[in-house]
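Summary of structural features
Now for the letters of each chain:
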Amino acid sequence: MTQISYGLFSELLLVRIHGRAEAYLEASSAERLALVAACRSEATVPDLAQRILSRTIYAQASSRIGPLRELLQNALDASPAGARIDVRSSEDGREISVTDQGRGMTRTELLTDLLVPFRSGKAGEIDAIGEHGIGFFSALEIAPWIEVVTATASGGHRLLVAPLGAGPRHEDFSWTLLPLPRPLPTPSPPAGDHAARPGRAPAPPRRPATGTSVRLSLAQPISRPALAAEIAAAAGLVDPAVARIYVDGALVNTARARLRRAAEVPLRLPPSGDICGALELFVGRGDGVEPQLTITQKGLTVATRVDPFPGPELGLHRDLARAITAAGFGLVAELPLGVPLNKGRSAVAASASAAVEAALVAAFERFILRDALYDRELLRAVDHRLSSVLDRLVHAALLGESITIASAQAADELDPLARTPTVAAPEQVIRFAGGLLDAPLFRSIVVDAGQRPPGAPPAPLGQLHWRGAALTLRELLQAHRAGVLRPLEGAPLLPSTQARSTARWPLGASSPAPEPAAGAPGARPGELVYLALDEPLALSFWRRLATEGAAAQHAQPAAAAPPPRPPGAAPCPMPRTSRDVLLQTAADVPGVRAAAAAMTIIERLDAAISESADLPTSPIWAHQDLYGPDEMAHTDGSGISVNLASARVRALLTAVLLRDDAVAFTALTDLLLHEKTHVSLASYVPRPMAEHGTSFYRRKDWMRRRLLAAIASGAVVDPIRWLAVARRGLVSSALPAPEELSRAFQSSAAAA
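Residues numbered from 1 in each chain as written. Predicted model: local features only at pLDDT ≥ 70, side-chain atom pairs only at ≥ 80, totals over all residues. Heavy atoms only, no water.

Regarding the overall build of the chain
Of the regular secondary structure elements, the chain holds 22 helices and 22 strands. Sorting the 752 residues of the chain into buried and exposed places 47% on the buried side. Considering only intrachain contacts with a sequence separation of at least 6, the fraction spanning at least 24 residues in the chain is 69%. Of the roughly 35,500 Å² of accessible surface on the chain, 56% is carried by carbon and sulfur atoms. (Helix = DSSP H or I, 4+ residues; strand = E, 2+ residues; numbered from the N terminus. Buried < 20%, exposed > 50% of the residue type's maximum accessible area, 1.4 Å probe, protein only. Contact = heavy atoms within 4.5 Å. Areas by Shrake-Rupley, 256 points an atom, 1.4 Å probe, with all protein chains shown as cover.)

What follows is the structure, given as C-alpha cells:
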C-alpha cells in the first residue's frame, strides 16, 4: 500500500523551532496533531510560524527574476559540471518547469530541508552557493501551486504544494508527499529493428535515473519571449562548462563565450582577513553582454550597476568606466563562492560589501593598466572617450605639474611652485593616475643620430644604432621637451644589418618619479625618439602636442603675447557674461576681440548641432573658474558657458583662430556636443539621471551622427567654414590673460 504523507508548512516550521521535527515526521496523524498543539501552547505568539512564513515568502523578491534565479541556483548546485538544465513553459504561459539531472532529493531532505525555511542541505559544500534555505519559498510568491518530482539512486517522490485561504498573501500552504517507483529501464531495440534503422526518427529520450523537476502554476501568465529574457537576465552569464541552460529548447547562457578574463584580485573577508577566493573581472561586448557592470556568483546575476563607481573620490575610475561602457563593452565581476549574499541574493551581504568594493576597484585598475591600454580593439571602439579622459593627465604633464596630494599636506608644507592637476583627489586616485602616466603604452624606436658630446668617440662609419622600446607617457614628454621626439613616418631607413639593441631607453624611471627637465642627464645626447602613430592613444597624444605647438606659435603683430599663468596661480574668477557685455566691460583688455570671435565660432557650431538634432539654440556665455576647472558648463537648463581660464579651451580656441585646424575644431565640437547633450536631457530627464551614464553617451553619439549626416547631406553648412568669417578684422589670435579679465570685471563691479 502506498504511503501518503501530508501536512502544513507552518507545522513543519513550528516543530522545527521547538526541536521536535524528527518526532513529528515519525508520528502518526493523531500524534502529529498532539505535537503541534503542544508546540503552539509553548509559543509566545500562537501564529508565530505563519508570520515567519509570510515574511519569508513575500519579502524576498521584487520581481519574477528573483524566484527563477533561486530555482536555477538550486538546479546548478545539484547538477554535475556541464549538465543540462531545462526550463519549459506551456503554450498559455500558465506553467513553468525547471528540470535538472542532479542527484535528486530523498524524503528526509524534502521534509527537513526543502519545506523548512532557513534550513539547507548544502552547508559545507564547496561548490554550492545556496545556503539560506529560502530559495524554494520565494517561488511561492509567483506560483502558489507547485509540483516537485525528484528521483535519487534509491527511489523517487512527488511533492504537491497548494495554498490555504484567499490570497495572495496566503495564510499557509499544505504539502502532500507521495513515493514514486523507480522507472523501469527501456530495453534496447534488437538488431535490425526498424526503429534503429537509418532515416527513422530516434526513440524519445528516457527520463534520467536521477534529477529534479519543479513545475510552477503561475498566478500571472508569462509569454515565452519574456520568460527567455528573464532567464537570460538571471543566468545568461553562467559558464556552459558549469551547466547548459535551455529555455523551451534554446540555449540562453551563450554570453560567457564573449567575455575574457581581464583581471583577478584576491579577496579577504572581515573580520579574520582570510582570503576567501579571487574576484575575477571579465570584459566583452556583443549579444547578451549589457554595457554596464554586472556582479555575478557562479555566473548567476547578483546585481547590476550602470555607474560602477558612484563614490566622488573615484572620479577618474568612473570616467574611464563610463567611456568603456558607452562604447558597448560590459564589465562582469565574478565573486568567489565564499562571499556571502543577502537573503534575496540581490546584493552582497553588508559584512562583506566593503571588501568586495575594494577588490572591485583594484581589479578595475589592473584591467586598465595591464590590459585595456594595450587592447587595440577596445581602444579603437572607445576612441576619443578614453583619450579625452586621459587628456587632463597629458595636459598636466605637459605643463610640468607635479602630481601631489594637496588634501594630505598641511597648508605651510605645500610647494608654491607645484600645481595640483584636476585629477588630484584622495591618494588612491593619485596613485592610479600616476600608474597611467607610467604605463609603457607607446611603441617607439630610438635612433642614434650620430651627434656626440665633446670628447666622445664617433659612431662607427656606416653603422646606425637603433633599438625598439615601449615608452611611458612621462618618457615621451621628456623627449618632447628635449626636442628629440619625432613621428615614425620621418624615421630613417633601418636595415636589419645595422646594430640593434632592445634594451629599455632610460629616459625616465620605471616607477612614478618627478620628471627631469629638458637636457637633464636622463636623456642621452644625440638620440632621437620616433613614435609609432598607428594606435589611437599615440595618435591622440601626437595631436595634443601639435595643438600645444600651434598655440605657442600664433602670430601677434599688434601686441606681445601675455605671459602664461605661473604654476600655482590662484583661480581668476569672472562671472558668466555674454559676448556684448564682455566687449563693453573689458574693451581695453588685449585679446578681448579674439575671445568674442571665439564665442561667435561656438555660437555657429551650436546652431549647426541644434538644427541637425531639432533642438533650440543655446545662449553662449563666457566665464572663468566659476564652475571649477571644467572646460564648459551647461547653465539654466539651456545655456552653455565656456571657461576662458581653462588651458585646454584656450589651446583649442587659439588653434582655430590661427588657422583651419580640423583636429582642434573637432575637439571643440566634442566639448560642445557634451554640454549640448546635458541641455537636451535636462528638459525631460530628472536632474540626477541627466548626468553621465550609458543613456547620456548613447544620446551624445546620436547627436554626433545627426550632425555628421546633416553636414554630409548639405542640410547644415559645415560650421568650420565660419572660421574665416570669425577671423575677419582680427589682428591677433591671442586670448586675453585670465588675470586681466578678472581684474576688469572686478573693477566694473566696484564702480557699479
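Remarks on the packing of helix H1 (residues 9–17) against helix H3 (residues 29–42)
Viewed as axis vectors pointing N to C, H1 and H3 meet at an angle of 65°, and their least axial separation amounts to 10 Å. Remark: the crossing between H1 and H3 carries left-handed chirality. Judged by residue contacts, Ser10, Glu11, Leu14 and Val15 of H1 engage Val36, Cys39 and Arg40 from H3. Grouping the amino acids of the contact of H1 with H3 by side-chain chemistry returns 4 nonpolar, 1 polar and 2 charged. (Axes fitted to C-alpha atoms, helices over the stretch in contact; angles between N-to-C directions. Left-handed = near helix turned anticlockwise from the far one by under 90°. Nonpolar A, V, L, I, M, F, W, Y, C, P; charged D, E, K, R; others polar.)

Details of the environment of serine 646
Within the fold, serine 646 resides in the loop between strand S22 (639–643) and helix H18 (647–658). Serine 646 sits 16 residues away from aspartate 630 along the chain, and the two C-alpha atoms are 7.3 Å apart.

Focus on the sheet that holds strand S16 (residues 466–471)
Spatially, 4 strands are ordered S16-S15-S18-S17 in an open sheet, and the strand pairing comes out mixed. Looking at strand neighbours, the two that pair on one side only are S16 and strand S17 (485–487), the edges of this open sheet. Averaged over all neighbouring strand pairs, the angle between strand axes comes to 35°, with direction disregarded. Against the sheet, helix H14 (residues 473–481) engages strand S15 (442–448), S16, S17 and strand S18 (527–531), with an angle of about 125° to S16. (Pairing = 2+ DSSP bridges.)

With respect to the sheet that holds strand S10 (residues 259–269)
Within the open sheet, the 5 strands sit side by side as S10-S11-S14-S12-S13. Their pairing is mixed. Bordering the open sheet on either side are S10 and strand S13 (300–305), each of which pairs with just one other strand. Between one strand and the next, the sheet's axes are offset by a mean angle of 25°, whatever the strand orientation. Note: strand S12 (residues 293–297) against strand S14 (residues 330–335), 5 bridges, orientation parallel. When the sheet's bridge partners are listed, glutamine 297 is paired in S14 with leucine 335.

Some thoughts on helix H5 (residues 65–78)
With 14 residues, H5 extends 20 Å from end C-alpha to end C-alpha; this agrees with the ideal 20 Å at 1.5 Å per step. For H5, the tally of buried residues reaches 11 of 14 residues, placing the bulk of the element in the interior. Regarding H5, the residues found buried are Gly66, Pro67, Leu68, Arg69, Glu70, Leu71, Leu72, Gln73, Ala75, Leu76 and Asp77. (Expected span 1.5 Å × (residues − 1).)

Here we look at the nonpolar core
Membership of the largest hydrophobic core comes to 66 residues, with the highest contact counts inside it found for Phe364, Phe367, Ile368, Phe442 and Phe541. Examining the composition of this core, we find that 10 residues originate from one element, helix H10 (residues 350–370), more than from any other. Discounting chain neighbours no more than four positions away, the residues touching phenylalanine 367 are Ala262, Ala263, Leu281, Val283, Ile324, Leu331, Ala372 and Leu378. In terms of nonpolar packing, the next biggest core, distinct from the first, is built from 55 residues, Leu35, Cys39, Ala75 and Met105 among them. (Core = buried A, V, L, I, M, F, W, Y, C linked by side-chain atoms within 4.5 Å.)

Some words on the packing of aromatic side chains
Two aromatic rings are characterised by how far apart their centres lie and by the angle between their planes. Evaluated as defined, the whole model comprises 4 aromatic pairs. Ring geometry for phenylalanine 309 and phenylalanine 364: centres 4.9 Å apart, planes at 55°, overall tilted. Residue phenylalanine 309 is located in the loop between S13 and helix H9 (315–326), and its partner phenylalanine 364 is located in helix H10; the two are separated by 55 residues in the primary sequence. Centroid distance phenylalanine 696 to tyrosine 697: 5.2 Å. Interplanar angle 90°. Geometry classified as edge-to-face. Both residues of the pair, phenylalanine 696 and tyrosine 697, count as buried. Here a set of aromatic residues connected by ring pairs shows up, and it is made of Phe309, Phe364 and Phe367. The positively charged end of arginine 84 is found above the aromatic ring belonging to tyrosine 246, 3.8 Å away from the centroid. For the cation-ring pair, arginine 576 lies above tryptophan 621, with the distance from its terminal atom to the ring centre recorded as 4.6 Å. (Phe/Tyr/Trp six-rings, centres within 6.5 Å; stacked < 30°, edge-to-face > 60°. Lys NZ or Arg CZ within 6 Å of the ring centre and 35° of its normal.)

Remarks on the pattern of salt bridges
This structure, assessed with the given rule, holds 21 salt bridges. Notably, a salt bridge pairs aspartate 77 with lysine 298, separated by 3.4 Å at the nearest N-O pair. In this pair, aspartate 77 sits in helix H5 while lysine 298 sits in the loop between S12 and S13, placing the two residues 221 residues apart along the sequence. Of the two residues, aspartate 77 and lysine 298, neither departs from the other in class, the shared state being buried. Arginine 727 is paired through a salt bridge with aspartate 660; the nearest N and O atoms lie 2.7 Å apart. Pair noted here: arginine 727 is in the loop between helix H21 (722–726) and helix H22 (738–751) and aspartate 660 is in the loop between H18 and helix H19 (662–682), with a separation of 67 residues, a long-range link. Using a relative accessible area of 47% as the deciding quantity, one classes aspartate 660 as partly exposed. Taken together, the shared-partner salt bridges in this structure form one network comprising Glu95, Glu147, Arg158 and Arg215. (Salt bridge = Lys/Arg side-chain N within 4 Å of Asp/Glu carboxyl O.)

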